[in-house]
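# Examination of the molecular architecture
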Amino acid sequence: MALIVQKYGGTSMGSAERIKNVARRVAKWKAQGHDVVVVVSAMSGETNRLIALAKEIQAYPDPRELDVIISTGEQVTIGLLAMALKEIGVDAKSYCGWQVRVTTDDSHNKARIQSIDEAAMRTDLAAGSVVVVAGFQGIDENGNITTLGRGGSDTSAVALAAALKADECQIYTDVDGVYTTDPRVVPDARRLKTITFEEMIEMASLGSKVLQIRSVEFAGKYKVRLRVLSSFEEEGEGTLITFEEDENMEKAVVAGIAFDRNEARINVKGVPDKPGIAYQILGPIADANIEVDMIIQNVGENGTTDFSFTVPRGEFPRTMDILREVQTHIGAAKIDADDKVAKISIVGVGMRSHCGVASTMFRTLAEEGINIQMISTSEIKVSVLVDEKYLELGVRVLHKVFGLDQPA
């Protein structure tokens, strides 16, 4: 008998019939003798509907009140799933995040989990009940409802698994595992049987939408065994995210290709080449809580330098407004930008022990006439920024040149 934490996303909970399907799947695990905790998201599209409703009242909704509103989506689905389980003879009890006492900081709309009180869940599990918990939400020390940000239910599930010391955390999604890249772009993409935590963190941070990066980081920190499975297929092993590099890792130089269309490039030209200039440019942007990704500062010439970086496309207008305000202060000659760019990244722990991976990537893109605008690297990944119109072509040719279309 094992303790299993399962997470079902919005598409899995998208209708009464789908909720009944989830209940039947949970019942099978329970019938096998396992203790089961289920974490669920709101019905597909419900959170967006609630945000849109809030914006009809307030153009920029008050963060605290917005959390009160959008947390209701999961409250509906936990009640419905508990009812569906009871209907088929499985005892179940539902909890909102603040009832389980998922304590977070007070950063509304993007809170971080600080602690979990698992006592009530353990009592229910010992009594033979399935515990159903609302993902995405918690409560701060002052009793305010908080939410964890987009994809936060994944983080909720992993955090609960860590607190309960679960044997496995299973993330059920609309795909049957982690693929070498998005099958909608490359039909020959393969499902990976295993992927390391390092690789999965890179893939998640670079644009892969299978798992939220915070959930992977949490799993790595607390050594939670994590598996991605399909909520629409009865069979299948999915993809296991491992802590160890297996014996075949050296053969697989590149494990997968991630990409992100949500990029905008900004180039601040002719700024004084002196200490502190990077902070003067990026400080106000950080103060506005805008994340900066790729950064390049050119070698200075004639006392000036160019400073380039990328931000999420949705933050592009606000970033440009900030830079226009500080342009004179920092002494920049010109600011130009492009919000029609995309990032392509190759990821693999095998890159540590193989040279020439980056040059193969660059040569392959050059042969297709794809110009590289920016480059960023780490031990196990290489990312390039290209014109958005070349994104899918770039992913396809790289997928082929690194042999990701071949059986493992």
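Residues numbered from 1 in each chain as written. Predicted model: local features only at pLDDT ≥ 70, side-chain atom pairs only at ≥ 80, totals over all residues. Heavy atoms only, no water.

The protein goes by Aspartokinase in an unreviewed UniProt entry, where it is assigned to Aquitalea magnusonii. We quote the UniProt Sequence similarities (unreviewed entry) comment for the protein here in full: "Belongs to the aspartokinase family." As its UniProt record puts it under Catalytic activity (unreviewed entry), the protein is described as follows: "L-aspartate + ATP = 4-phospho-L-aspartate + ADP". (UniProt positions renumbered as here; feature names shortened; annotations may be inferred.)

For the structure shown, the criterion picks out zero disulfides. No disulfide involves Cys169; its nearest neighbouring cysteine sulfur is the one of Cys96, lying 20 Å away. (Disulfide = S-S within 2.5 Å.)

What the rule picks out here adds up to three aromatic pairs. Aromatic pair Tyr8 and Tyr172: ring centres 4.7 Å apart, planes at 10°, arrangement stacked. Of this pair, Tyr8 sits in strand β1 (residues 3-8) while Tyr172 sits in strand β9 (residues 168-173), and the two are 164 residues apart along the sequence. Each member of the pair, Tyr8 as well as Tyr172, is classed as buried. (Phe/Tyr/Trp six-rings, centres within 6.5 Å; stacked < 30°, edge-to-face > 60°. Helix = DSSP H or I, 4+ residues; strand = E, 2+ residues; numbered from the N terminus. Buried < 20%, exposed > 50% of the residue type's maximum accessible area, 1.4 Å probe, protein only.)

What follows concerns the pattern of salt bridges. Per the counting criterion, the structure on display carries 24 salt bridges. With its nearest N and O atoms 2.9 Å apart, the salt bridge here joins Arg49 to Glu46. Here Arg49 and its partner Glu46 are both found in helix α2 (residues 46-57), three residues apart, which amounts to about one turn of the helix. Note on Glu46: relative accessible area 22%, which makes it partly exposed. Each of Glu168, Arg225 and Arg227 takes part in salt bridges that share partners, so that together they form one network. (Salt bridge = Lys/Arg side-chain N within 4 Å of Asp/Glu carboxyl O.)

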